[in-house]
Amino acid sequence: MKKQPYKFIAITIIGFVLLTNLFACKSDETGDVRQAYVMPNSVLHTLVIDTVKTAPVTEAIKFNGIVDFNTDKTVNVFPLVTGNVQDITVMPGDHVHAGQALGVVKSAEVANYNSALINAESNVRLTAKLLDQQKELFKSGLASQVDITGAEVNYEQAVASKIAAQKVLSINGDNKNGEYVIKAPIDGFIVQKNVTNGMAIRSDNSAGLFTISDLKDVWIQANVYEENIGKVHEGQEADVTTISYPNQVFKGRVNKLLNILDPTSKVMKMRIVLDNPGYLLKPQMFATIAINNSQGKQAVAISSSDLIFDHSQYYVIIVTGKKDVQIRPVEIISINGQTAYIKSGVNPGERLVGSQALLIYGSLNS
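The structure displayed is predicted, hence computed values, not measured ones.

Colleague: Is there a simple way to think about the nonpolar core in this case?
Modeller: Nonpolar side chains in soluble globular proteins tend to end up buried together. Grouped together as the largest cluster of nonpolar side chains are 24 residues, with contacts concentrated most on F63, M270, I272 and I289. At the level of secondary structure, the elements contributing two or more residues to this core comprise β2 (53-68), β11 (217-224), β12 (237-242), β13 (250-261), β14 (268-275) and β15 (286-303). Beyond its immediate stretch of four places on either side in the chain, I272 contacts V218, W219, I220, A222, A238, G252, R253, V254, N255 and I289. Among the nonpolar cores identified, the runner-up in size contains 22 residues, and V81, L102, L169 and L209 belong to it.

Colleague: Whenever I open this one, the packing of helix α3 (residues 108-139) against helix α4 (residues 145-171) confuses me. Can you help?
Modeller: Across the interface, α3 lies against α4 with an axial gap of 8 Å and an inter-helix angle of 160°. Put simply, α3 runs roughly antiparallel to α4. Seen along the crossing, α3 lies across α4 with a hand that is left-handed. Considered class by class, the residues forming the contact of α3 with α4 number 18 nonpolar, eight polar and five charged.

Colleague: What's the story with the pairing of strand β10 (residues 210-213) in this structure? I'm lost.
Modeller: Moving residue by residue along a regular strand, the side chains alternate between the two faces of the sheet. Both faces of β10 are covered, namely the face carrying F210 and I212 and the face carrying T211 and S213. Two elements, strand β3 (residues 74-77) and β10, share four bridges in a ladder whose sense is antiparallel. By the bridge assignment, T74 is partnered in β10 with S213. Bridge analysis of strand β8 (residues 188-193) against β10 gives four bridges, and the strand direction is antiparallel. Looking at β10, one finds that K193 is bridged to F210.

Colleague: How should I be thinking about the sheet that holds strand β5 (residues 95-96) in this particular structure?
Modeller: On the basis of which strands lie adjacent, the open sheet formed by four strands has the order β3-β10-β8-β5 and antiparallel pairing. Each edge of the sheet is formed by a strand with only one pairing partner; in this case those strands are β3 and β5. With two bridges connecting them, β5 and β8 associate as antiparallel partners. Note that in β8 the partner of H95 across the bridge is F189.

Colleague: In this structure, what is going on with the side chain of S355? I would like to understand it.
Modeller: Counting through the fold element by element, S355 comes out in the loop between β20 (351-353) and α5 (357-365). A distance of 2.8 Å separates a polar side-chain atom of S355 from the backbone nitrogen of V48. In this view, S355 contacts T46, L47 and V48; residues no more than four positions away in its chain are not counted.

Colleague: Hey, could you run me through α5 in this one?
Modeller: Every α-helix carries 3.6 residues per turn, so stepping three or four residues along brings you back to the same face. Considered for burial, the residues of α5 that qualify are A357, I360, Y361 and L364. Buried residues of α5 fall within an arc of 105° about the axis and therefore sit on the same side.

Colleague: I keep staring at the pairing of β14 and nothing clicks. Help me out?
Modeller: Side chains of β14 alternate between two faces, with M268, M270, I272 and L274 buried and K269, R271, V273 and D275 left unburied. Sheet topology note: the β11/β14 ladder contains eight bridges and is antiparallel. Residue W219 lies in a different strand from β14, and its bridge partner there is V273. As paired strands, β13 and β14 are joined by six bridges and run antiparallel to one another. Bridging from a neighbouring strand, K256 pairs with R271 of β14. The antiparallel pairing of β13 with β14 creates a hairpin that spans six residues between the two strands, and K266 there sits at a positive phi of about 60°.

Thresholds, definitions, all that
- Residues numbered from 1 in each chain as written.
- Predicted model: local features only at pLDDT ≥ 70, side-chain atom pairs only at ≥ 80, totals over all residues.
- Heavy atoms only, no water.
- Core = buried A, V, L, I, M, F, W, Y, C linked by side-chain atoms within 4.5 Å.
- Buried < 20%, exposed > 50% of the residue type's maximum accessible area, 1.4 Å probe, protein only.
- Helix = DSSP H or I, 4+ residues; strand = E, 2+ residues; numbered from the N terminus.
- Contact = heavy atoms within 4.5 Å.
- Axes fitted to C-alpha atoms, helices over the stretch in contact; angles between N-to-C directions.
- Parallel < 35°, antiparallel > 145°, perpendicular 65-115°, else oblique.
- Left-handed = near helix turned anticlockwise from the far one by under 90°.
- Nonpolar A, V, L, I, M, F, W, Y, C, P; charged D, E, K, R; others polar.
- Pairing = 2+ DSSP bridges.
- Polar contact = N/O pair within 3.5 Å; in protein donor to acceptor, adjacent residues only side chain to side chain.
- Arc of directions from axis to C-beta.

The following block contains the structure:
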C-alpha cells in the first residue's frame with residue numbers, strides 16, 4: 001500500500017509530458033510562419049546605398065604632431081625708437097588688420113626727428129634766397145659765376161637734407177607730436193604680447209613688442225621614426241585629426257622633410273602645411289597625421305561605415321530589392337580610415353546599406 005503514491009506521481013509526470021508534446025505539435029501546425037523582412041518605404045528613401053568597388057590597397061601610417069605657426073606668415077613687431085609705451089589697445093588672441101594702431105610710444109627721438117625736419121626746411125628757404133641774391137649781384141657785376149655755383153650747391157645740399165629728414169620721420173611714423181604709433185604690419189592674430197602700458201622700451205631690445213601671425217594656414221610639425229622614414233616623401237597628401245574635432249579631417253600635404261635625426265629623440269621632423277578654415281586649428285594643439293602608403297595591389301573595397309561588428313564578426317547588409325535584404329558575413333583585410341578592404345563575402349557591383357545599417361541589422365535579426 002505504501003508504493004501507490006509513487007506510482008501515481010510517475011503516471012502524472014508521464015501524462016504531463018505527453019500533453020505538453022501534444023500541445024507543442026498543435027502549436028507548430030497552427031502557429032504563424034515567419035515573414036520575410038520588407039524594408040519600409042520611409043526607411044528605403046532615406047538610406048545611403050553604397051556599391052562595392054575594387055581599389056588599390058593603401059596603408060595609413062600615423063604620426064604624432066603639434067600645430068604650429070606658419071613662420072613665413074608670422075611677423076615680430078620690434079621697437080624702432082626709445083620711449084615710454086602708452087595706449088596699448090590689443091591683447092593676445094585679438095585679430096588685427098594691417099595698419100591698425102596697437103599702441104603709442106612717447107619718444108624724444110621722434111621729437112628730434114621732427115626738429116631736424118623743421119631745421120632742414122628753414123635751411124632750404126635760406127639757401128634759396130641766397131641763390132636768388134647771388135644771381136642779382138651777378139647781373140650787376142658784383143658777383144662771379146663761382147659765387148652763383150657755390151650758392152646753387154648750398155641750395156641743393158639743403159634740399160637733400162630736407163628729403164632725408166622727411167624720410168627719417170616717415171620711417172618712424174611721420175608723427176610731428178613726438179609720438180611713435182605702433183602699427184600692425186599684416187592682417188593676423190596677436191599671438192604674443194611682450195609690452196604693457198607705462199613700460200620703457202629701447203630700440204635695441206632683443207624681444208619684440210608683439211608677434212602677429214596669419215592663421216589662415218598653419219604648419220603641423222610631426223615626428224617620423226626610423227622605420228617609417230622610407231615611407232614618407234615630400235608632396236604626399238596627409239589627413240590631420242585633432243582631439244578637439246575628432247570627426248573632422250583636415251587635408252594637408254607634406255611640405256618639408258628635415259633630413260637629419262634629432263640626437264636625443266632619434267626622430268626626423270616632418271612639416272605638413274594645411275589650410276585652417278574658420279581658424280579652427282590653434283597653435284600648440286596636438287594632432288594625429290595619417291599618410292596613405294600604397295601597397296601596390298588591388299582589393300575589393302567598401303566604405304567602413306557599411307560594416308557592422310557583432311559577436312566577433314563583421315557583417316554587411318546586401319540590398320537587391322525592397323523585399324530582398326540579406327545579412328552577409330565578410331572577412332576583412334584591413335581598414336584604412338573610411339575604406340575597408342574585403343578578403344571575402346562581397347563582390348564588386350553589389351549594393352550595400354551605407355546608413356542606418358545597425359537599425360536594419362536589428363530588424364533582420366528580430
